[in-house]
Amino acid sequence: MNIQKCISVLLLLILFQSCAKIATTDTPEIDLMKKVEKGLTTRVYIKGDSTWSIEERMKHYGIPGASIAVIHNGEIAWAKGYGVTDKESNTPVTTQTLFQAAATSMPVSAYGALCLVEQHQLDLDENINNYLKSWKVPENEFTKEKKVTIKNILNHSAGIHPRGTGRYSIDEKIPTLVQILNGTSPAKNAPITINKEPEESVRFAYASYVPIQQLMLDVKGKTFPEIMHELVLEPLEMNNSTYNQSLTAAQLSKIATGYLTDGSKAEGGRSIYPAMATNGLWTTAEDYAKFIINRYQTLNGKTTKGLSRELTKLMGTPYGVNGSSWSFTLGLGFQLLNRNNEIYLRHHGWNRGFYTEIVAHRDKEYGVVVMTNSTFPEFNAEVMRAVAIAYEWDNYVPVHEKIEIEQSFADSITGRYTENGNIIEVIQKGNQLFYKNIVDVEAEELVKISDSSFVRRNSSLFIQFKPNAENKRMNLQYLSRNDGSMVATFVKIDADRKEPVEFLLEGDVEKAITAYRMLLEKEPTNPAVTEAHLNDLGYDFFHANRMKLSLNTFKINIILYPDSFQVYDSYAEACEKAGKMDLAILNYAKSLELNPENNRTRHKLQELKTKKKQNTAVNEN
C-alpha cells in the first residue's frame, strides 16, 4: 500500500470514529428522553422503587403502538413513535402517524367556537337557541328561569343529557347531526335534552359538544371539518390533522389501526364519529402539542395566531370553584387538575381501539401528549408520570420515603373497616402492611411516610388511623393531598360481621339477595344498596373480566329495582360478553319495553337478533 492510500485509509478511519462519537454522544435532551423511556412508575413514587420502560409496559398491556410528544420551555422538546400502527403490516409508528384523538377533540373544538366569539359572530353569554337554526335546545322546566348559553355548553354546566352519542362502524348508515340531536334513526342515542337547571353544577357529558357543532354549522354554513381547518388547524399549522371522517388515500396510509383490550382488531380498524366536535379529530401527538404551545405563546405575547389572550386565558379558568381544596374541575374545553395549587390542563379521550391523554401546566409551559392504538389508560398515565419526574414538574407526582412501622401500631390497625357497606382490610404480611378493598383481587402495600400518614402507590390520597372517640377503635381516614381535608372515614368492625357484598364475593347469591333486601328496607338511602352503586360494581367486575360476579351483581340489581330499564340493559350487556346470546336479547327487549326511547338499546337488540339469525343459518348449512 503506497503512502497516498495509507493517508486515505487513515482519514476514513478518523471520519468514521468522529461519526460514531457524534451518534453516541447524548445531549441533555436525549438524556431526558432516555430517562422518560425507562422511568414509568406508579401514581405515588416511593424512593428506591424500580421503574419500567415504555417497551416493557406496552408489552405488559398489549399495546401495539404509541406516539409521544413532550413540551418543555414552551417548545416541543421531542416527539417519537413506538411500536407499530398495525399488527398485520408491522408498519412502525412515526411522528406522522395519525391517531384518533377521541374526546381530546373537545378542547380543539372549543377553541374553534371561541374563534367565532372572537369574530363577534357569537356571544358566550347569549342563549344558544338565538343562534341555532336547524335544531333548538328543547325548552322544559329546567330552562324556565335560566337559558342555556354557549358558555354553559363549553364548560359542561348546561345539564346536557344523555352523556354520549355513540359510534358507528364504517359500513353502517351514518346519522346526520340533527338526527343525533333529535335521537331519531339511524342515531343510536336518546334525544339531546336538559335534565337539570343550567349553572346548577358542572357535569361532564360528551354529548355537550353536539349542540356546539350544530351551532358552528348554522353560523358558518360550511361542513365542520372545513370550519375547523379554517379556524384552527391551518392557522396553528396542525398540518397532519383533520376532522374528516372520510379520509384521503394519503391520510389512510398514515393512520394507526385500533385494537381492543383483548388484542383483537377493532371492527374495520376504526369507527366513525359523526359527533365530530366530541370525538372526531384525527391528529398526531406532535400536532396536538402545537395546539397546546400556541396557548402558551398567546399568553406570553409571542404570537398573534388564533385567539386573543383574554379568550385563551378563559379556556383555563375553572368554572364555579373557589379556594384551594378542589382537585378537578372544568374550564372552557379543558379539564383542570389542582395539584397543591399547581394547575394543570388535562383531557382524555377513549374511542373504540384508541386512547389519548394530554396534560400540560396551565402557566409554566410544559406538558405531554400520549396517544395509543389500544385502550389502557394506565399506560398513558405512567408515561406522563415518567415525563413529570424527568422534567421535574411541580407537584405532579408525589414522591415519598418509606419509614419503618412499629409492630405495636401495626397490630392496632390490622383488621377490617367499613363505610356504607364498603369493606377495607388492613393485613400484615411479615414486616409489611397491605391494604385491600375486598372487591379487588390483589392487596396493595400500605407505606408509612410520616408519624401519622400512610400512602398507597396507586392512590393520591393520604391515609391516617385515628382512635374513635366513642369506642376507642381505630378509624381509617382518607385525606386530600391538596389541603388535608377529610374525604372519607371507615370504621373498624368485628371480624365476624358481614356486609352484603361479602356474600356476593363468596358466591352465595341467595344470602347476598337477602342481605341487600334487608339493607334496602332498613336504610333505603344507604349508598351500598342504591341502583347506581350496584350498577357501578357490576361494571367494575365486567371490566375486570370477572363475569360470574358481574352477572350476579346485575341480577341482584334487577331483583331490587325491577322497574328500571337500566338494570336490564346492564345485565344484557354482561350476558352478551359472557356469550349468553338468548339472555342478552331477552333483557335488551325488557329494557326497551321499559324505555322505548332508548335508541342505543334498540340498535343493540337488532344487532344481536341479526347476529343470532346469521349464526343459525351457518349452523343449519
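Residues numbered from 1 in each chain as written. Predicted model: local features only at pLDDT ≥ 70, side-chain atom pairs only at ≥ 80, totals over all residues. Heavy atoms only, no water.

A. Region of the structure containing the overall build of the chain. The helix and strand inventory of the chain stands at 21 helices and 21 strands. A globule of 621 residues ought to have a C-alpha radius of gyration of about 25 Å, and the chain, at 27 Å, matches this closely. Across its three principal directions, the C-alpha atoms of the chain cover 95 × 70 × 65 Å. Each of the 621 residues in the chain was classed as buried or not, and the buried ones make up 52%. Of the contacts formed within the chain by residues at least 6 apart in sequence, a portion of 60% connects residues at least 24 apart. A total accessible area of about 28,700 Å² is found for the chain, and carbon and sulfur atoms account for 50% of it. With 70 positive and 74 negative side-chain charges, the chain shows a spacing of 2 Å between the two charge centroids. (Helix = DSSP H or I, 4+ residues; strand = E, 2+ residues; numbered from the N terminus. Rg over C-alpha atoms; globule rule 2.2 N^0.38 Å. Buried < 20%, exposed > 50% of the residue type's maximum accessible area, 1.4 Å probe, protein only. Contact = heavy atoms within 4.5 Å. Areas by Shrake-Rupley, 256 points an atom, 1.4 Å probe, with all protein chains shown as cover. Lys, Arg positive; Asp, Glu negative; His and termini not counted. Charge placed at Lys NZ, Arg CZ, Asp CG, Glu CD.)

B. Structural view of the pairing of strand 21 (residues 486-493). For strand 14 (residues 415-419) and strand 21, the ladder comprises 3 bridges, and the chain directions are antiparallel. Considered in strand 21, the bridge of tyrosine 417 is made with lysine 492. In the sheet, strand 20 (residues 474-479) pairs with strand 21 via 5 bridges, with the strands oriented antiparallel. From the neighbouring strand, leucine 476 faces strand 21, where its bridge partner is phenylalanine 490. Hairpin remark: strand 20 followed by strand 21, antiparallel, with 6 residues in the connecting loop; positive phi at glycine 484, about 75 degrees. (Pairing = 2+ DSSP bridges.)

C. Looking closely at the pairing of strand 20. Within strand 20, 6 of the 6 residues are buried, which leaves the element mostly enclosed by the surrounding structure. Side chains Met474, Leu476 and Tyr478 project from strand 20 onto one buried face, and the interleaved Asn475, Gln477 and Leu479 project onto a second face that is buried too. In the sheet, strand 19 (residues 459-467) pairs with strand 20 via 6 bridges, with the strands oriented antiparallel. Bridging across to strand 20, phenylalanine 465 finds its partner in leucine 476. Remark: 6 residues form the turn of the hairpin made by strand 19 and strand 20, two consecutive strands paired antiparallel; lysine 472 in that turn has positive phi of roughly 65 degrees.

D. Region of the structure containing unusual backbone geometry. At the junction of histidine 161 and proline 162, the peptide bond is cis and its omega measures out at 5 degrees in the coordinates. By secondary structure assignment, the location of proline 162 is in the loop between strand 5 (160-161) and helix 6 (177-182). Residue proline 186 follows serine 185 across a cis peptide bond; omega there is 10 degrees. Its location among the elements puts proline 186 in the loop between helix 6 and strand 6 (193-194). Phi angles above zero are rare outside glycine, and alanine 102 is one such case at about 55 degrees. In this fold, alanine 102 is placed in the loop between strand 4 (99-100) and helix 4 (105-118). You will see that histidine 120, though not glycine, has its phi angle at about 65 degrees, which is positive. Relative to the helices and strands, histidine 120 resides in the loop between helix 4 and helix 5 (150-154).

E. Main features of the packing of helix 17 (residues 531-543) against helix 19 (residues 565-577). Contact pair helix 17 / helix 19: the axes reach a minimum separation of 11 Å and the direction vectors enclose 10 degrees. When the axis of helix 17 is compared with that of helix 19, the two are roughly parallel. Contacts between helix 17 and helix 19 involve Glu531, Asn535, Tyr539 and Phe542 from the former and Gln566, Val567, Ser570, Glu573, Ala574 and Lys577 from the latter. Within the contact of helix 17 with helix 19, the residues separate by chemical class into 4 nonpolar, 3 polar and 3 charged. (Axes fitted to C-alpha atoms, helices over the stretch in contact; angles between N-to-C directions. Parallel < 35°, antiparallel > 145°, perpendicular 65-115°, else oblique. Nonpolar A, V, L, I, M, F, W, Y, C, P; charged D, E, K, R; others polar.)

F. The arrangement of the packing of aromatic side chains in detail. Counting across every chain of the model gives 22 aromatic pairs. Arranged with centres 6.5 Å apart and planes meeting at 75 degrees, the rings of tyrosine 61 and phenylalanine 379 form a pair that is edge-to-face. Taken as a pair, tyrosine 61 in helix 3 (residues 54-61) and phenylalanine 379 in helix 13 (residues 377-390) lie far apart in primary sequence, 318 residues in all. Taken together, a centroid distance of 5.2 Å and an interplanar angle of 85 degrees make the contact between phenylalanine 224 and tyrosine 243 edge-to-face. Remark: tyrosine 243 occurs in the loop between helix 8 (224-233) and helix 9 (249-252) and phenylalanine 224 occurs in helix 8; sequence separation between them is 19 residues. Residues phenylalanine 224 and tyrosine 243 agree in their burial class; the two are buried. Each member of the aromatic cluster is reached from another via a ring pair, and the members are Tyr111, Tyr288, Phe291 and Phe334. Directly above the aromatic system of phenylalanine 462 lies the positively charged group of arginine 481, at a separation of 4.2 Å from the ring centroid. Lysine 577 extends its terminal NZ or CZ atom over the ring of phenylalanine 542, reaching a point 4.3 Å from the ring centre. (Phe/Tyr/Trp six-rings, centres within 6.5 Å; stacked < 30°, edge-to-face > 60°. Lys NZ or Arg CZ within 6 Å of the ring centre and 35° of its normal.)

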